[in-house]
Amino acid sequence: MHILLNSNLVVFVRRGCLILKHGDVTSEARENQFVFLRKGIWVEIIESPSLSGMEYLTIEVSCELVRDFTKLATIQVSAMSRLAPVISHDVDENILSYIESIDTYIKYGVPM
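Within any chain, residue numbers begin from 1 and follow the written order of that chain's sequence. Where local features are concerned, this predicted model is filtered to residues with pLDDT of at least 70; where side-chain atom pairs are given and counted, the filter is 80 or more; whole-chain, interface and lining totals use all residues. Values reported for side chains reflect all heavy atoms of the structure, with hydrogen atoms and water molecules removed beforehand.

Describe the overall build of the chain, with residues and values.
Working definition: helices are DSSP H or I runs of at least four residues, strands are E runs of at least two. Numbering for both runs from the N terminus. Secondary structure assignment for the chain yields three helices and eight strands. Order of helices (α) and strands (β) in the chain, N terminus to C terminus: β-β-β-β-β-β-β-α-α-β-α. Contacts are assigned to residue pairs that have any heavy atoms within 4.5 Å of one another. Here the contacts in the chain between residues at least 6 apart in sequence split such that 77% fall between residues at least 24 apart. Split by element, the accessible area of the chain, about 7200 Å² in all, is 54% carbon and sulfur. Surface exposure here means Shrake-Rupley accessible area, sampled with a 1.4 Å probe, where a residue is shielded only by the protein chains that are shown.

So what's going on with the pairing of strand 3 (residues 17–22)? Which residues, and what values?
Here, any two strands with at least 2 DSSP bridges between them count as paired. Summarising the sheet, strand 3 and strand 4 (residues 25–30) pair through six bridges and their orientation is antiparallel. Looking at the pairing, Leu-18 lines up with Ala-29 of strand 4. In this structure, the hairpin formed by strand 3 and strand 4 is closed by a connection of two residues, where Gly-23 is found at a positive phi of approximately 60°. With five bridges connecting them, strand 3 and strand 6 (residues 42–48) associate as antiparallel partners. Within strand 6, the residue paired with Leu-20 across the bridge is Ile-45.

An account of the sheet that holds strand 1 (residues 2–4) is needed here, citing residue identities and associated values.
Spatially, the four strands line up as an open sheet ordered 1-6-3-4, and their pairing is antiparallel. Strands at the two margins of the open sheet, each flanked by one partner only, are strand 1 and strand 4. Here the average twist between neighbouring strands, direction ignored, is 30°. Axes here refer to lines fitted to C-alpha atoms; in helices the fit is confined to the stretch in contact. Angles between the N-to-C directions go from 0 to 180 degrees.

Explain the packing of aromatic side chains residue by residue, including any values.
Only Phe, Tyr and Trp rings take part, Trp by its six-membered ring, and two of them pair if their centres are within 6.5 Å. Stacked means planes under 30 degrees apart, edge-to-face means over 60, and tilted covers everything else. Summed over all chains, the structure comprises one aromatic pair. A ring pair is formed by Phe-12 and Phe-34, whose centres lie 5.8 Å apart and whose planes are at 45°; its orientation type is tilted. Taken together, the residues Phe-12 in strand 2 (residues 8–15) and Phe-34 in strand 5 (residues 33–37) connect sequence positions 22 residues apart.

Describe the pattern of salt bridges, and please don't skip the residues or the numbers.
By definition here, a salt bridge exists when the distance from a side-chain nitrogen of Lys or Arg to a carboxyl oxygen of Asp or Glu is within 4 Å. Tallied over the full model, the rule gives three salt bridges. The closest approach of N and O atoms between Glu-28 and Arg-30, which form a salt bridge, is 2.7 Å. The exposure class assigned to Glu-28 is partly exposed, which follows from its relative accessible area of 36%. Three exposure classes are used, based on accessible area relative to the maximum for each residue type with a 1.4 Å probe and protein chains only: buried under 20%, partly exposed in between, and exposed over 50%. Residue Arg-30 is classed as partly exposed on the basis of its relative accessible area of 45%. Each of the salt bridges in this network shares a partner with another, and the network as a whole consists of Arg-14, Arg-15 and Glu-55.

So what's going on with the environment of Asp-92? Residues and values would help.
Residue position: Asp-92 is located in the loop between strand 8 (86–90) and helix 3 (93–101). Put simply, Asp-92 and Phe-34 are 58 residues apart on the chain and 9.9 Å apart in space, counted from C-alpha to C-alpha.

Requested: an account of the nonpolar core, with residues and values cited.
Ranked by internal contacts, the top residues of the largest apolar core, which has 16 residues, are Leu-5, Leu-18, Leu-20, Val-35, Leu-37 and Val-43. Among the secondary structure elements, those contributing two or more residues to this core are strand 2, strand 3, strand 5 and strand 6. Grouping buried Ala, Val, Leu, Ile, Met, Phe, Trp, Tyr and Cys residues that are joined through side-chain atoms within 4.5 Å yields what is termed a nonpolar core. Grouped together as the second largest cluster of nonpolar side chains are seven residues, Val-10, Leu-57, Val-61 and Ile-99 included.

So, to be careful, I would describe these as geometric facts and stop short of saying anything about function.
Dropping the structure here:
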């Protein structure tokens, strides 16, 4: 599916793999990884389920939250404009525990 992102998104992949294409760049987010997608980009999202299925959590992230995070992470805000539109990274144990704690309150696999 091809979509134009109207907001910043963080996608946590619990099972399976998401393949993300933006322009000439292809990224993957596998089990226990997350991907940050900047607002205002066209992205193609391809689900690649594992044997245990496909499960992911999508969270809309406000611009204010991104700015606050960059301050806490001591990243220059001016550098944010140069960040790649699609960034993937491993999920650490603290984030994984948090996602598991809210498991019953959220619905996974909802199309973005």
